[in-house]
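# Descriptive analysis of the structure
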Amino acid sequence: MNADRLPPVAPEVTATLVEGLSPRLRKRLDAAVTKLAARPVHRDGDTTTIEVDDETELRLHAPGGVVAQVEDVTCGCLLAPACVHRAAAVCAAPTADLAPEPAEQPTPEATGPASATDPTPVAVSASATHPASVTDPATAMVPASATHRAPGTDSAPGPGPAPAPGLTPDAAPAPPETATPYQRAAADALWAAGAAVLEAGVDGAGAVAQSALLRAAHTARLRQLPRAAGAALSVVTLLRAARASDPSYRTAELVTALAELLGTARRVATVTGAELAAVRGRVRRPYSPDGSLRLYGLFTEPVVTDSGHGGVRTWVAGADGRLFTVGDVAPGGVGRALGVADRAVRLGDSALTHRELGRAGLAVSGATVSPDGRLGAGKSVKAVTARGAAWTEPPLAALWETPPAEQAARALRSTSRYADPDGTGSDLLFLDVELLGAVREPGGTSLLALSEGGVPVRLTAADDDPALAHRDNLALLAAAPGTRLRIIGRLIPATHPRLTLLACSHPTGEGTIDLGLDRLRRADLPDPAAPAHFAPPQPAGPGAQSPLYLLERRVEQTVPAGRAALGLLGDVTAETRRIRRGGLPTAAGLLTALCASAAQRERDHFGRLLPADTDGFAAYWLAAARYSAAVSESLCSAAWNPTGEVQGVSGGPPAAAARPAV
């Protein structure tokens, strides 16, 4: 049985069914999920049927495409509804996306923060203020004892400071907004569920542990914490992919998702005001009016996701240099991506296709724009075709005038693993380069180019699917060393300058090439008969010899195998000594503390092992994960700087920006 053939299930449904099992059945749940996955599945309208055996059927009813209630899952076995089959089916099915909850209205007596005795949390608008940046990892890296609160122990905020002399009470400045006690309790539950996953590792985080995460995510959604709830669902999705040996699964993605979950849950109780709004997040992407816009097409890229969605995204620039996107992505895979490129853009009255818009222009009135630059397509939006501009003409030419180092720093702020999800900015770089030839790498071959300031840049294919043109175009460009091109690429954070190549000027100098959709021919190259040229080895960048990987691999090692994997390491003095010699004393301290916490197990007076300190270990692991990410991004920024100067991407040196209290 393919999980994609099952309808998505609401998180609270999965959690309720798993929690309703007896302890004996919970032990059998993971085996039941595996066994059920081998059974045939049939779909008829909104009902999906699984043949449990020759005489028993299990049905999932999904009106609207989602199993939203426990009663929508029925089983025909003799033990139903208390059987393990219902819980196994929902654990095997995909988790439904979070749906927006209706805002709860405060009572007349509760117009401020929720009191400790009020059973109904007061709804808080996350869009009331523009969220501040939350990329500083330091506030998420304190030991658990510093801020961890058990659910129900928080009291309501006090009345605030007295008004200054001469001011009436109405004129007194309001204290900064803080999280309600119920939001803190929900965040504590998320922290506990995430720490339990980290303790057990992927192998031990079965359906029961995932159910705890789903229950905590559902509670967080009800308490107006969509960002933390979304992070919990991401962890569950990645855990299932890892346990199913999905080839698209990457341990680094689960590390990022777990660190995002733990860091966001911890920050709920410590931040206030606008920063709290960013930590809460938003259920849906808000679109705000932006008046009239004159847009100039840049390029169109195909979008193919691991979940089976496909489509295109067309990038356009405004007269002031701002970047916007117009997308069309839906279930369908690579076939849909190729077909949608020649469909009309869903924006106003324009008849342009996505391919045409990438080289033409639009005049838009009544425009609406999301914080990440997506153009809305509401009924009030009007758009008509207008003249475009070449990449060498204003206003587009200005995009290539910014130094590469500044562009890379901007892109890093956008692509940071723990960046504010509502943050603005683009991860695209606009460079003038000279092609040097192909470079052999452990994962394949990339194209080496020399950018402004003599910085060597490695260009890779955005997608290796043979149905798309990325890979073939990159191979042809490798056969044209010395060719000068104007390119657009997406930053890949690495210790050396690296981009995925998305578009370039035509080698003949006439027009542009969308490298995922348009196919170059050998006749388009300056020397059609030239074979692929391999460039000589290049000198390593400033971060190539950094010993940071010694800490990073211990952080990643914890996720698949759990805390016990680090507890068995023993002495790590040699590793910490090497890290200190590399100029990273904070990383050395973090590695020592992390391994010591993993190995620490105390005994009672009778010699029995006491429960491990999961909170303390999770806090040290979070500190190490966030610190490693901050230093890696700083090394990436330095690689783009010809002087080799290391600067923190969030405004300070990495050690100062990411030093936890350990």
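All of the points below concern the structure found in this document.

Definitions and limits used
- Residues numbered from 1 in each chain as written.
- Predicted model: local features only at pLDDT ≥ 70, side-chain atom pairs only at ≥ 80, totals over all residues.
- Heavy atoms only, no water.
- Pairing = 2+ DSSP bridges.
- Helix = DSSP H or I, 4+ residues; strand = E, 2+ residues; numbered from the N terminus.
- Axes fitted to C-alpha atoms, helices over the stretch in contact; angles between N-to-C directions.
- Left-handed = near helix turned anticlockwise from the far one by under 90°.
- Contact = heavy atoms within 4.5 Å.
- Nonpolar A, V, L, I, M, F, W, Y, C, P; charged D, E, K, R; others polar.
- Disulfide = S-S within 2.5 Å.
- Buried < 20%, exposed > 50% of the residue type's maximum accessible area, 1.4 Å probe, protein only.
- Phe/Tyr/Trp six-rings, centres within 6.5 Å; stacked < 30°, edge-to-face > 60°.

### With respect to the sheet that holds strand β5 (residues 288–304)
One open sheet holds the five strands; their spatial order is β7-β6-β5-β8-β9, and the pairing between them is antiparallel. Single-partner strands in this sheet number two, and they are β7 (323–331) and β9 (382–386). Pairwise comparison of adjacent strand axes, ignoring direction, gives a mean angle of 35° for this sheet. Strand direction decides the pairing type here: β5 and strand β8 (residues 361–369), joined by seven bridges, are antiparallel. When the bridges of β8 are listed, glycine 291 appears paired with alanine 367.

### Considerations on the packing of helix α1 (residues 11–19) against helix α3 (residues 84–92)
When two helices pack together, their arrangement is given by the angle between their axes and by how far apart the axes lie. Between α1 and α3, whose axes approach to 9 Å, the crossing angle comes to 145°. As for how α1 packs across α3, the hand of that crossing is left-handed. Across the interface between the two elements, Val13, Thr14, Leu17 and Val18 of α1 pack against Arg86, Ala87, Val90 and Cys91 of α3. By residue class, the composition of the contact of α1 with α3 is six nonpolar, one polar and one charged.

### Section: the state of the cysteines
Tallied over the full model, the rule gives zero disulfides. The closest cysteine sulfur to the non-disulfide-bonded cysteine 75 is located on cysteine 77, 3.6 Å from its own sulfur. Residue classification places cysteine 75 among the buried positions, given a relative accessible area of 14%.

### Things to note about unusual backbone geometry
The omega angle of the peptide bond from alanine 80 to proline 81 is 5°, so this bond is cis rather than trans. Looking at where proline 81 falls in the secondary structure, it is placed in the loop between β4 (73–75) and α3. Residues proline 394 and proline 395 are joined by a peptide bond in cis, for which omega reads 5°. Mapped onto the fold, proline 395 is located in the loop between β9 and α12 (404–415). One non-glycine residue, glutamine 224, lies in the positive phi region at around 65°. Considering the arrangement of structural elements, one finds glutamine 224 in the loop between α6 (207–222) and α7 (226–243).

### Looking at the pairing of strand β12 (residues 456–461)
In this structure, strand β11 (residues 444–450) lies alongside β12, joined through four bridges in antiparallel fashion. Within β12, the position partnered with alanine 449 by the bridge is valine 457. Where β11 folds back on β12, the antiparallel hairpin that results is connected by five residues, among which glycine 453 adopts a positive phi of roughly 80°. In the sheet, β12 pairs with strand β14 (residues 498–505) via four bridges, with the strands oriented parallel. Within β14, the position partnered with leucine 459 by the bridge is leucine 499.

### Thoughts on the packing of aromatic side chains
Applying the stated rule across the entire model yields three aromatic pairs. Consider the rings of phenylalanine 299 and tryptophan 315, whose centres lie 6.3 Å apart with planes at 10°: the pair is stacked. Remark: tryptophan 315 occurs in strand β6 (residues 309–318) and phenylalanine 299 occurs in strand β5; sequence separation between them is 16 residues. For the pair phenylalanine 299 and tryptophan 315, one class covers both residues: buried. Ring geometry for tryptophan 400 versus phenylalanine 430: centroids 5.1 Å apart, planes at 75°, classification edge-to-face. One end of the pair, tryptophan 400, is in the loop between β9 and α12; the other, phenylalanine 430, is in strand β10 (residues 428–441), and 30 residues separate them in sequence. Neither residue differs from the other here; tryptophan 400 and phenylalanine 430 are each classed as buried.

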